[in-house]
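# Breakdown of the fold
Chain by chain, the residues:
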Amino acid sequence: MATLATKLAPPPTKEHVSVARLARYWYAACRSRDLHRKPQARTVIGVPLVLFRDAAGRAGALLDRCPHRNIPLSMGRIAASGNLECGYHGWQFDGEGRCRLVPGLQGSENGEARGRRVAAHATRERDGFVWVWGEPDVEPACEPPAFAAAPGPGYATIVRVLDFPGTLHATAENALDVPHTAFLHRGLFRGSGERNEIRAVVRRGPDRVEAEYIGEPRPEGFLGRLLAPQGGVVEHWDRFVLPSIAQVEYRLGSENHLLVTSLCTPLDDFTTRMYAVVAFRLRLPTALIRPLVTPLAMRVLRQDAAVLRAQTETVRRFGGEQFVSTEIDLLGPHIWRLLRDAEAGSLPAADGTGELAVVREVRFQA
Amino acid sequence: MATLATKLAPPPTKEHVSVARLARYWYAACRSRDLHRKPQARTVIGVPLVLFRDAAGRAGALLDRCPHRNIPLSMGRIAASGNLECGYHGWQFDGEGRCRLVPGLQGSENGEARGRRVAAHATRERDGFVWVWGEPDVEPACEPPAFAAAPGPGYATIVRVLDFPGTLHATAENALDVPHTAFLHRGLFRGSGERNEIRAVVRRGPDRVEAEYIGEPRPEGFLGRLLAPQGGVVEHWDRFVLPSIAQVEYRLGSENHLLVTSLCTPLDDFTTRMYAVVAFRLRLPTALIRPLVTPLAMRVLRQDAAVLRAQTETVRRFGGEQFVSTEIDLLGPHIWRLLRDAEAGSLPAADGTGELAVVREVRFQA
Amino acid sequence: MATLATKLAPPPTKEHVSVARLARYWYAACRSRDLHRKPQARTVIGVPLVLFRDAAGRAGALLDRCPHRNIPLSMGRIAASGNLECGYHGWQFDGEGRCRLVPGLQGSENGEARGRRVAAHATRERDGFVWVWGEPDVEPACEPPAFAAAPGPGYATIVRVLDFPGTLHATAENALDVPHTAFLHRGLFRGSGERNEIRAVVRRGPDRVEAEYIGEPRPEGFLGRLLAPQGGVVEHWDRFVLPSIAQVEYRLGSENHLLVTSLCTPLDDFTTRMYAVVAFRLRLPTALIRPLVTPLAMRVLRQDAAVLRAQTETVRRFGGEQFVSTEIDLLGPHIWRLLRDAEAGSLPAADGTGELAVVREVRFQA
């Protein structure tokens, strides 16, 4: 049976994407409303950071390690001066990472000195999030993306935070993947009853990939009936934008619009924090939607988290991913290619205005 | 004291046996009665498998990883078709590992395709166990061994399953080792009172080793008094058969016969699952034996598990085994040699009919 | 900003001290009063040991691994012979590590034999501790140090044992470090109020370093007021003696004398067991001191343990220490240098009588 064994040789194992190499991008590091005067420890692309607000209320993001004795600065406090004070010996640092005080030390050398500085990451606050640039001690090449904003007036917004035990690639693909919903979320999200042929057009730009679904009927199940009791055809797009935005958009007539934007911040190569921003304008009263949809959505997200955990454990147990895709895996392989190119540094940090070109049309049953 | 240090240099550290290299053998993977329609995750020689029954009730054993997105197939279910359905995207596989359905995918490509197959292991059901061949995608070289069967009519059987935190070698030696019983199981199994000289004959065959004890008095302690209230001489054999069978046999006159067969299935190099099959025909009523002996036997097994755990931790802490044996370690060194030869592939899968030859006679106090 | 990045390049990462290489020294392994007939498992410089008392009450220290089947000897018991008996097969060892019995084995070979010996460490009992020499099977080059003894009659002594999740270097520096007390132990130990200029003289000998503080006012806070209600100037020394003694000494007039000796026994490279011996002769009644000071001291030690844990985790996360010191880190860099020299074997095991020479004078605010 050597011939069979050869024929069945698995595809070569892929290394995972090393998120530490995706440094020249913005990442959502925390919600603005969660950052007060108390320093917060947050990890972004594997880098432990301490976030804090200085005397002027500006968000600072420093490497979470005092240069003196390597204690996490997040164990410290904000001093009366507005500087961040280490909890061990009281060294103080400003939002740029400069050492401003070494208590007890006399003379002109006190304060800033070569070697006493902490690496500092640029920050921005936008659309309710503190964004951090992945590379320390440099000027960002662009501004944070606008995807987390509500698309206009009249929209309600729900934000939820959830850690996924999956790679950035697996988490983003899962967030944008249509075929799994009939199985992993059986009964909750889509039924597995009658199937319809749907056409999907995949468009690719320099920093993104998007699938548009054409001819998709109103989704079955509870969520679909809630959104569009009269049935009809849905407009539906799934988008991935480098390095960490997964967006699902649904329109049903002029009345219903749902935009789920997942800001996927890699904590390390195998854990991804998702800030899910759900913006919607629906024919049903928001007061009704919120208590009905939130528990349902959280249940879906927990099912996704469970499958990502099992996937990650299996991948690590086998020493790497060995994925086989078909043409109905519309976005996953493109996301992988985009992340790999970004990791290799062959992509400029794009401003999101690049032209999209059709790369594939697929028909499938859903 | 350099001379002393040299004299005391420990024996070279042995690497442990790599169970992944013992692939060309049968292993008990679960009890037949525990395998219903629900897929079961089982690990055999380090390989994660999913066991299930297809529509015809046949046991299938596939690598527990969907080729699509590397989810454990054991998280799935049996579809109406009788195929195993992955819980993430619903891909279906038959008992041979062939992909039979990719939901949503259109056209002739649907179903089996190069790269979508899962590695499959041959299975057999015999004597109440599902046996799995360690190497995937090949025809087994022989049939599973018959040791788990009761030796004849009129025997009662008790089966217990227990995981030992020990290597296959350590677990099998422990199961067959006489001298430790007076110490580890002091008071329970053998006393440490008066000792008698016993003669043991060790016989070795191509795939096995056996010790026969001659002149052994009735064991002291509760178990011995139960078995043979009138005392007398015991016939006693301890056997190891490659790669995983440890068997203890006692006869006392024509009336009493006890056969404890331990099917030792390595989960990984340092964990061994033992399926203990206790077959007996005794002068006492079985209804009396069962409630008395089972708790006692389980206590003995738990003491063995505790000592194997401590041994394994110590061996790993020191980077490998450094065992020193004496001539009264009758079987351990032979088991080690047999496993090493099997690991090196220098032993054919034997059918158990090879001639046994005496390799040693030993007298000791027990 | 490449220039800035270059300027900010961190100091090179230091490997930690490997305590296994600090073998030619004495370490406190347990308190004498805690060692009875039951064998005790203790780890010293990464070596698992079993401590026990033989029939004559002498403390033995053997490698905690039976040469037969590598079970920890500490799972055994003391036999009637006074030897240490392994719990698995009953092999017996004396305090020198010689095998004295292999149960069941006949003939002249029984007992001691090449390969059956266990490595043995020299022991001494002194000042209430069992000391163990770090290298096995050799005669110690000197006797254990006398630091744990009370300095004279009329002293009360409190002994406490605490495990610190820190390297030997970090734990010893922390025990002797003055500047952190105003921050980590804010309010408990020193205030952060008015500061005074203090002069410190650092003296160094072949196996030790000592700082003497001159002009230090009575410490603020509860402890200071208790010690010297009338205020005044304190005499204060901090000492480190290779490889593991950190000592803090305070005198206030002829009446008050406090000597805190920390015997720092490395369990492994990142965990240090501290036997803190607090000897004192104060103007206040001992009966008053004990219940007041003990809880306070334990609270201080727990704060130190927490910061050492965070430091160790951060150091390991970043792959090594990257410490930056100033001139008011009086002892830490010297302790590091002494440990490094000891690790390299370039220091003789000293008898503590070497001359001390002034290496630095520093003025600072405290």
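What you are looking at is a predicted structure, and each value in this text was computed from that prediction instead of being measured. (Residues numbered from 1 in each chain as written. Chains lettered and ligands numbered in written order. Predicted model: local features only at pLDDT ≥ 70, side-chain atom pairs only at ≥ 80, totals over all residues.)

## What to know about the overall build of chain A
Along the backbone of chain A there are six helices and 19 strands. Scored against the burial criterion, the 366 residues of chain A give a buried share of 46%. (Helix = DSSP H or I, 4+ residues; strand = E, 2+ residues; numbered from the N terminus. Buried ≥ 20, exposed ≤ 12 C-beta atoms within 10 Å, placed from the backbone.)

## Focus on the interface of chain A and chain B
Counting residues at the interface gives 28 residues for chain A, matched by 26 residues for chain B. Those elements that place two or more of their residues in the side of chain A that touches chain B are helix H1 (2-7), helix H3 (181-184), helix H5 (286-317) and strand S19 (357-365) of chain A. Here the side of chain A that touches chain B takes six residues from H5(A), the largest share from any one element. Counted by class, the side of chain A that touches chain B contains 18 nonpolar, six polar and four charged residues. (Contact = placed C-beta atoms within 7 Å. Nonpolar A, V, L, I, M, F, W, Y, C, P; charged D, E, K, R; others polar.)

## Considering the interface of chain C and chain A
Opposite the 27 residues of chain C that make contact, chain A presents 25 residues. Broken down by secondary-structure element, the contributors of at least two residues to the side of chain C that touches chain A are helix H1 (2-7), helix H3 (181-184), helix H5 (286-317) and strand S19 (357-365) of chain C. Looking at side-chain class alone, the side of chain C that touches chain A contains 18 nonpolar, six polar and three charged residues.

## Examining the sheet that holds strand S2 (residues 40-44) of chain B
All names here are of chain B. Strands sit in the order S2-S3-S4 across an open sheet of three strands; the sheet is antiparallel. For this open sheet the edge positions go to S2 and strand S4 (59-63), each flanked by a neighbour on one side alone. On average, adjacent strands in this sheet sit at an angle of 35 degrees to one another, irrespective of strand direction. One ladder, built from five bridges, connects S2 with strand S3 (residues 47-53); its direction is antiparallel. Counted as the bridge partner of arginine 42 is leucine 49 from S3. (Pairing = 2+ DSSP bridges. Axes fitted to C-alpha atoms, helices over the stretch in contact; angles between N-to-C directions.)

## Considering the domain arrangement of chain A
All names here are of chain A. Partitioning chain A into domains gives domain 1 (19-133) and domain 2 (156-365). Counting residues at the interface gives 14 residues for domain 1 and 14 residues for domain 2. Those elements giving two or more residues to the side of domain 1 that touches domain 2 turn out to be strand S1 (26-31) and strand S2 (40-44). In the side of domain 1 that touches domain 2, the residues fall into nine nonpolar, two polar and three charged. (Domains from an automatic or database assignment.)

## Notes on the packing of helix H2 (residues 168-176) of chain A against H5(A)
Residues and elements named next belong to chain A. Look at H2 against H5: their axes get within 11 Å of each other, and the N-to-C directions meet at 145 degrees. For the pair H2 and H5, the sense of crossing is right-handed. On H5, the residues touching Ala170, Thr171 and Asn174 of H2 are Asp304, Leu308 and Gln311. The residue inventory of the contact of H2 with H5, partitioned by class, reads two nonpolar, three polar and one charged. (Left-handed = near helix turned anticlockwise from the far one by under 90°.)

## A word on the pairing of strand S17 (residues 271-281) of chain B
All names here are of chain B. Where burial is concerned, most of S17 is hidden: nine out of the 11 residues are buried. One ladder, built from nine bridges, connects strand S11 (residues 156-164) with S17; its direction is antiparallel. Opposite valine 161, over in S17, you have tyrosine 275 as the bridge partner. In this sheet, S17 lies alongside strand S16 (residues 256-268) in antiparallel orientation, the contact comprising 11 bridges. For threonine 261, the partnering residue across the bridge sits in S17 and is valine 277.

## Side note on the relation of the copies chain A and chain B
By a simple turn and slide, chain A fits onto chain B: the slide is 0.0 Å along the axis, the RMSD is 0.1 Å, and the turn is 120 degrees. One copy is carried onto the other by what is essentially a three-fold rotation axis. Judged by C-alpha distance, A:Arg316 is the residue of chain A that lies nearest the rotation axis, at 13 Å. (Least-squares fit on C-alpha atoms with pLDDT ≥ 70 in both.)

## Examining helix H2 (residues 168-176) of chain C
Note on helix geometry: an α-helix contains 3.6 residues per turn, so any two residues three or four positions apart are oriented the same way. Most of H2(C) is tucked away: nine of the nine residues are buried. Within H2(C), the full set of buried residues consists of C:Leu168, C:His169, C:Ala170, C:Thr171, C:Ala172, C:Glu173, C:Asn174, C:Ala175 and C:Leu176.

## Notes on the environment of A:Arg100
Residue and element names in this part refer to chain A. With respect to the helices and strands, the residue arginine 100 is situated in strand S8 (residues 99-101). In this structure arginine 100 comes out as partly exposed when scored by C-beta crowding, with 19 C-beta atoms within 10 Å. Along the backbone, arginine 100 and arginine 21 are 79 residues apart, and their C-alpha atoms lie at a distance of 31 Å.

## Observations regarding unusual backbone geometry
Between A:Leu242 and A:Pro243 the backbone carries a cis peptide bond, its omega angle lying at -10 degrees. Structurally, A:Pro243 is set in the loop between strand S15 (233-241) and strand S16 (245-252). Of note, B:Ile45 is a non-glycine position whose phi angle comes to about 40 degrees, a positive value. Relative to the assigned elements, B:Ile45 resides in the loop between S2 and S3. The class of B:Ile45 is buried, set by 24 C-beta atoms lying within 10 Å. Positive phi is not limited to glycine here, since B:Asn70 has a value of about 65 degrees. Inspection of the secondary structure puts B:Asn70 in the loop between S4 and strand S5 (77-78).

## A look at the nonpolar core
In this structure, A:Ala29, B:Ala29 and C:Ala29 are the most contacted members of the largest nonpolar core, which totals 263 residues. Those residues within four positions of C:Ala29 in sequence are excluded, and the remaining contacts are C:Arg42, C:Val44, C:Leu49, C:Leu51, C:Ala61, C:Val130, C:Trp131, C:Val132 and C:Thr265. (Core = buried A, V, L, I, M, F, W, Y, C linked by C-beta atoms within 7 Å.)

## A word on the sheet that holds strand S7 (residues 92-93) of chain A
Residue and element names in this part refer to chain A. The strand order S5-S6-S7-S8 describes an open sheet built from four strands, whose pairing is antiparallel. A strand with exactly one partner marks an edge of an open sheet, and here the two such strands are strand S5 (77-78) and S8. By the bridge criterion, two bridges tie S5 to strand S6 (residues 84-85) in an arrangement that is antiparallel. Residue pairing for S6: arginine 77 is matched across the bridge by glutamate 85.

## Here we look at helix H5 (residues 286-317) of chain B
Residues and elements named next belong to chain B. The end-to-end C-alpha distance of H5 is 45 Å, a good match for the 46 Å that 32 residues give at a rise of 1.5 Å each. The sharpest bend along H5 measures roughly 30 degrees and falls at valine 293, with the proline proline 295 sitting one to four residues further on. Contacts from the buried residues of H5 go to S11, helix H2 (168-176) and helix H3 (181-184). (Expected span 1.5 Å × (residues − 1). Bend = angle between axes of the 7 residues up to and from the residue.)

## Describing the confidence of the model for chain A
Of all residues in chain A, 88% have pLDDT values of 70 or greater, and the mean over the chain is 87. No element of chain A has a lower mean pLDDT than H1(A), which averages 37, and none a higher one than strand S9 (residues 120-121) of chain A, which averages 98. (pLDDT = per-residue confidence, 0-100.)

## Quick look at the environment of C:Asn196
Along the polypeptide, C:Asn196 turns up in the loop between H3 and strand S13 (197-205). For C:Asn196 and C:Ala366, which are 170 residues apart along the polypeptide, the C-alpha to C-alpha distance reads 5.4 Å.

## Notes on the pairing of strand S14 (residues 208-217) of chain C
Residue and element names in this part refer to chain C. Across seven bridges, the pairing between S13 and S14 is antiparallel. Residue pairing across strands places arginine 204 opposite valine 209, the latter belonging to S14. Linking two consecutive strands that pair antiparallel, namely S13 and S14, is a turn of two residues. When S14 meets strand S15 (residues 233-241), the two strands line up antiparallel, connected through eight bridges. From the neighbouring strand, glutamate 212 faces S15, where its bridge partner is tryptophan 237.

## A word on the environment of A:Leu338
All names here are of chain A. The topology assignment puts leucine 338 in helix H6 (residues 332-343). Note on leucine 338: 25 C-beta atoms within 10 Å, which makes it buried. Taking C-alpha positions, leucine 338 is 8.4 Å from proline 206, a pair spaced 132 residues apart along the chain. The residues contacting leucine 338, other than those within four sequence positions of it, are Val209 and Leu242.

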